[in-house]
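# Structural description and commentary
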Amino acid sequence: MTRLISATLVFAASVAYSSAADPSSPPLSKTFNQQVSMVESEVVSLAEAMPADKYSFVPSGPEFAKSRTFGQQASHIAAVIYSTSASVLGEKAPTEMGESENGPASLKTKTEIVKYLKDSFAYAHKAMGTLTDANLNEMVASAFGKDKVPRVSMAMVPVWHSFDHYGQMVIYARLNGIVPPASR
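Attention here is on the structure that accompanies the text. (Residues numbered from 1 in each chain as written. Predicted model: local features only at pLDDT ≥ 70, side-chain atom pairs only at ≥ 80, totals over all residues. Heavy atoms only, no water.)

## Digging into the pattern of salt bridges
When the charged atoms of two side chains with opposite charge come close together, those side chains can pair. Summed over all chains, the structure comprises 4 salt bridges. In this structure, Lys-126 and Glu-91 form a salt bridge, with 3.9 Å as the shortest nitrogen-oxygen distance. Here Lys-126, found in helix α4 (residues 110–128), pairs with Glu-91, found in the loop between α3 (70–89) and α4; they are 35 residues apart in sequence, far enough to count as distant. For Lys-126, a relative accessible area of 48% gives the class partly exposed. In this structure Glu-91 comes out as partly exposed when scored by relative accessible area, which is 36%. (Salt bridge = Lys/Arg side-chain N within 4 Å of Asp/Glu carboxyl O. Helix = DSSP H or I, 4+ residues; strand = E, 2+ residues; numbered from the N terminus. Buried < 20%, exposed > 50% of the residue type's maximum accessible area, 1.4 Å probe, protein only.)

Below, the structure written as structure tokens:
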């Protein structure tokens, strides 16, 4: 995990340097938004491809006793996106993290979870749109605890964290005979 965070910070620093050094490069906000769009495309399409009756699926066996269901994986991704995007924006998250960071307890159906997920990505795009060379390394409240962290560290979370859980969702889908849209 430390290597991944270090790699993402190096990436962000290189983007900031290239943007400052080359006025023809895209603004940071566009670069970060492109990364969010990439993960959004894969996660949302998979969430939409999984049948509603499989949203409660979790692999069987004692080693999976505390694992999130497919639906909880999707809503967890969204809850973390909301929280980290709020940190980037310097505002209070517009939704609660909920128990085990799975989002509001009221989320029950595929329709509700997919809407929550899509709305979280819209909020992430809003947050990424505010990133500039000047504010990327400003200290902001962490979404996880009381520490202050560089804004870039919160801006990177929606991508790497979402892909962590996307991988689990892919396995759940394949165990149910669903080929992820990104693999078709």
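## Things to note about the side chain of Asn-102
With respect to the helices and strands, the residue Asn-102 is situated in the loop between α3 and α4. Given a relative accessible area of 13%, Asn-102 falls into the buried group. If sequence neighbours within four positions are ignored, Asn-102 has contacts with Arg-68, Gln-72, Ser-75, His-76, Ala-79, Met-97 and Leu-107. (Contact = heavy atoms within 4.5 Å.)

## Quick word on the nonpolar core
Judged by nonpolar contacts, the single largest core of 48 residues is most densely connected at Phe-32, Leu-117 and Phe-121. In contact with Leu-117, other than residues within four places in its own chain, are Val-43, Val-44, Ala-47, Ala-74, Ile-77 and Ala-78. (Core = buried A, V, L, I, M, F, W, Y, C linked by side-chain atoms within 4.5 Å.)

## Details of the layout of surface pockets
The volume enclosed by the largest pocket comes to roughly 420 Å³. Lining the largest pocket are 23 residues, and of these Thr-69, Gln-72, Ser-75, Asn-102 and Leu-107 sit closest to its centre. Of all the elements in the fold, those that place two or more residues in the lining of the largest pocket are α3 and α4. If one sorts the elements of the lining of the largest pocket by residue count, α3 sits on top with 3 residues. When its residues are assigned to classes, the lining of the largest pocket shows 6 nonpolar, 11 polar and 6 charged. (1 Å grid on protein atoms, 1.4 Å probe; cavity = no way out; pocket = protein on both sides within 12 Å on 5 of 7 lines; lining within 4 Å. Points joined across faces, edges and corners; volume = space filled by probe spheres on them. Nonpolar A, V, L, I, M, F, W, Y, C, P; charged D, E, K, R; others polar.)

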